[in-house]
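# Overview (structure and organization)
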Amino acid sequence: MHQQERPLLTIKNLNKQFGCGCSHCRDTQGHNLEDNYCPVCGTVYACRNVSLKVYPAEILGVVGESGSGKSTLLRCLYFDQDSTSGEGYIHGYNEGRTNIFTETSQQKNYIRNHLLGMVYQNPYLGLRMNFSSVGNIAEKLIGAGNRKVDFMAARAQELLAAVNIPTYRMKEAPEKFSGGMQQRVQIAKALSNNPPLLLLDEVTTGLDLSVQANVLDLIKVIQRDLKIGMIVVSHDLAVIRMLTDRTIVMLNGRIIEHGLTDQVLEDPQHAYTQQLVYSLL
Amino acid sequence: MMKKYNFAFFDEGSKREIRRATLKAIAIPGYQVPFASREMPIARGWGTGGLQLTLSLIGRDDIIKVIDQGADESVNAVNIKKLIISTTGVQDTEKTAEATLIQSRHRIPEVELREDQIIVLQVPLPEPLRTIEPSEYKTKKLHADQDYNGIWLMLFEQIMKHGRMSTGADHPVQVHGRYIMAPSPIPRFDNQKLNDSKTLTLLGAGREKKIYAVPPYTKVQSLAFADYPFTVEDMSAKVCRLCGTTGVYMDELFDRDTEETYYQCNDVSYCLQRENKEMDDLR
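Since this is a predicted model, take the numbers as computed values, not measurements.

## Digging into the overall build of chain B
Summing up its helical and strand segments, chain B has seven helices and 12 strands in all. Relative to its length of 283 residues, chain B is compact, with a C-alpha radius of gyration of 19 Å against a globular reference of 19 Å. Principal-axis analysis of the C-alpha atoms gives chain B an extent of 60 × 55 × 35 Å. Per-residue burial for chain B yields a buried fraction of 53% across its 283 residues. Looking at chain B alone, contacts between residues at least 24 apart form 59% of all its contacts between residues at least 6 apart.

Pasting the structure below:
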């Protein structure tokens, strides 16, 4: 018997709702909802009882239509939004014994700066657009307690070189970059602390095909070389197929199907997944 | 004389409110305490924060000194001093050692202050994080979380751009290992005087409605990176033309006729006392 591998991240019954809920929608297992929306009080149930595990050096894909709760899930994991209820454990923080969602905001900052990296769909959310690219990467290092300028500058340049930003543009601000370059700076920033877990939210959406291929290549290389676990959110099944090992399918805030990516895409079980897979152009 | 004002201009309730904010500020070193900044007979942004602190603290036995960037006789300093004196009738002085209460704009005197003195600094922008975060709601959260990445990043960017930290005045400091504080636009030269100072330092921002403080014997650390240490303006080679002192903060002046650059103590009363041989201790 080989030893069971410990998960990097465990999420149990994560809930996120926008609004207070009312007697009409509360505790009804969602029977009275229109999709994930309560017509009486207007509460939106963005994530409902989401449970998942990510193992080290594994890429987990999250697919689903827009509004299905994919991005909200990632934002809860990165503490951009407070989750309504649920438990999360991350290996590397208190040996995975403390629920990260109930920690103080100071501790959440610590987790964010030391153990997580996030790449947003919109680079404006992840970067300080009018600071230099080197500075943007240094910010993450500063957050992790680094106070050596020369080390941080060298590390930033090394990372920017790794994501193919030319040396002569490294001190420029990302606002002067093209969308693809901004996305690559974001990836470099997210990687700066060697986080064990990287969260990628629709990283290639809106980029043209050749740039998309570049970014995807880069992600694959990073995963192979650095052995980083990742959660990749995308509505593009081709991206999911290329990158991920396992996939979960979300609909109206719920996980409706999960399994190996090949399995889910070749032999979808849930009616919605079937529709999703066969509506490929 | 017809009595038009209460002692020290304010009614007692106002003074008490300001003093209550001041006590809280002293209890939490470096934390900006909001207070009900009052309308003053001078415009906001002209020292009303410092003036309100001074007026709330002053008693009949106090001896007041008012400084404006090192000078006792600039218009701003004189007007503030006149207002204080005409509403309280207290004595004033230009000699730092004689004063019990010192209100200053952008300088800390060269003479070391004592435990029985209080220095009040006027502050235009009390929030050190304002340049990186415009929202007050968010800067309060950043302070609460001790999330000071932004201000470190600002210093990092300066080093990237200029090869050194380029803050001229108002170089951010960390007080008592907790809050990051704007020391008011004093030159970096004066930052070190705040550290472990014998005197109580109060800082008041009238327009921004904030009071904060550095209690006596408190650690005040100027922010700096491990490989780019904090440096002060180098005054070692500069000699005051009037009193011959070196090693104090100097003004650089230029004589157009002789095309000569010369230096003069910025702290005028210090310079005068040196010249009049009233001060024999060589710093």
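## Some words on the confidence of the model for chain A
When pLDDT is averaged along chain A, the result is 90, and 98% of the positions lie at 70 or above. Across chain A, strand β3 (residues 59-63) of chain A holds the top mean pLDDT of 95, while helix α7 (residues 209-226) of chain A sits lowest at 85.

## With respect to helix α5 (residues 149-162) of chain B
Residues and elements named next belong to chain B. For α5, built from 14 residues, the straight-helix expectation of 20 Å at 1.5 Å per residue is met to within 8% by its first-to-last C-alpha distance of 20 Å. Most of α5 sits out of view: 12 of its 14 residues are buried. All of the buried residues along α5 are N149, G150, I151, W152, L153, M154, L155, F156, E157, Q158, I159 and M160. The positive-phi residue at the C-terminal boundary of α5 is G163, with phi of around 80°.

## Re the packing of aromatic side chains
Applying the stated criterion across every chain, the model contains nine aromatic pairs over all chains. With a centroid separation of 6.4 Å and 80° between ring planes, the pair formed by A:Y78 and A:Y120 is classed as edge-to-face. Of this pair, A:Y78 sits in the loop between α1 (70-77) and β4 (85-90) while A:Y120 sits in the loop between β5 (116-119) and α3 (123-126), placing them 42 residues apart in sequence. Residue class for A:Y78 comes out buried when judged on its relative accessible area of 9%. On the basis of relative accessibility, which here comes to 7%, the residue A:Y120 falls in the buried class. When the ring of B:F156 is compared with that of B:F225, the centres are 6.4 Å apart and the planes differ by 70°; the resulting orientation is edge-to-face. Separated by 69 residues along the polypeptide, B:F156 in helix α5 and B:F225 in the loop between β10 (220-222) and β11 (250-255) bring together distant segments of the chain. Side by side, B:F156 and B:F225 carry an identical accessibility label, which is buried. Here the aromatic cluster, defined as three or more aromatic residues joined through ring pairs, consists of B:Y5, B:F9 and B:F10. Positioned over the ring face of A:F18 is A:K16, at 4.8 Å from the centre of the ring.

Reading guide: rules and limits
- Residues numbered from 1 in each chain as written.
- Chains lettered and ligands numbered in written order.
- Predicted model: local features only at pLDDT ≥ 70, side-chain atom pairs only at ≥ 80, totals over all residues.
- Heavy atoms only, no water.
- Helix = DSSP H or I, 4+ residues; strand = E, 2+ residues; numbered from the N terminus.
- Rg over C-alpha atoms; globule rule 2.2 N^0.38 Å.
- Buried < 20%, exposed > 50% of the residue type's maximum accessible area, 1.4 Å probe, protein only.
- Contact = heavy atoms within 4.5 Å.
- pLDDT = per-residue confidence, 0-100.
- Expected span 1.5 Å × (residues − 1).
- Phe/Tyr/Trp six-rings, centres within 6.5 Å; stacked < 30°, edge-to-face > 60°.
- Lys NZ or Arg CZ within 6 Å of the ring centre and 35° of its normal.

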